[in-house]
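Chain and residue survey
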Amino acid sequence: SINGASFDLVVSIASGSDYNCSSPCTQNKLNGRFGQIRLLYADPLGVATLRFSFVDTSTSAPVTVPSFYFSFFDLDTRDGNGDRSEAV
């Protein structure tokens, strides 16, 4: 919370992104204390642009967070050949 108000992290598809969720899309969720986002790519380069923002839980108004830690876990390659990689 910030000044006693709770807030949420919202992940959305950035304008112009070629994001497609992998089937089933219900796999995009909070999984314990982890956010889980599954991707398929329409872009042949495998690029998906996502927007991460913080909003007030009650009002959905944007919230400025002074600082925070953010980690990525279990990034997988695009295909089974191992000839792709991830970048953050």
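For the structure, check the block above.
Parameters and conventions
Residues numbered from 1 in each chain as written. Predicted model: local features only at pLDDT ≥ 70, side-chain atom pairs only at ≥ 80, totals over all residues. Heavy atoms only, no water. Helix = DSSP H or I, 4+ residues; strand = E, 2+ residues; numbered from the N terminus. Buried < 20%, exposed > 50% of the residue type's maximum accessible area, 1.4 Å probe, protein only. Lys, Arg positive; Asp, Glu negative; His and termini not counted. Salt bridge = Lys/Arg side-chain N within 4 Å of Asp/Glu carboxyl O. Polar contact = N/O pair within 3.5 Å; in protein donor to acceptor, adjacent residues only side chain to side chain. Contact = heavy atoms within 4.5 Å. Patch = residues over 30% accessible without salt bridge, like charges linked within 9 Å, V, L, I, M, F, W, Y side chains within 5 Å. Areas by Shrake-Rupley, 256 points an atom, 1.4 Å probe, with all protein chains shown as cover.

1. Thoughts on the side chain of Asp56
- Residue placement: Asp56 occurs in strand β6 (residues 50–56).
- Buried charge Asp56 goes without a salt bridge, the closest partner of opposite sign being Arg51 at 16 Å.
- Engagement of the side chain of Asp56 in a polar contact is seen with the backbone nitrogen of Ser58, the distance being 2.8 Å.
- Contact partners of Asp56, with chain neighbours within four places excluded, come to Ala5, Ser6, Phe7, Ala61 and Val63.

2. A closer look at a nonpolar patch on the surface
- Taken together, Leu9, Val11, Ile37, Phe52, Phe68, Phe70, Phe72 and Leu75 make up a surface patch of nonpolar side chains, about 730 Å² in accessible area.
- You can see Phe70 is positioned in the segment after β6.
- The class of Phe70 is partly exposed, set by a relative accessible area of 40%.

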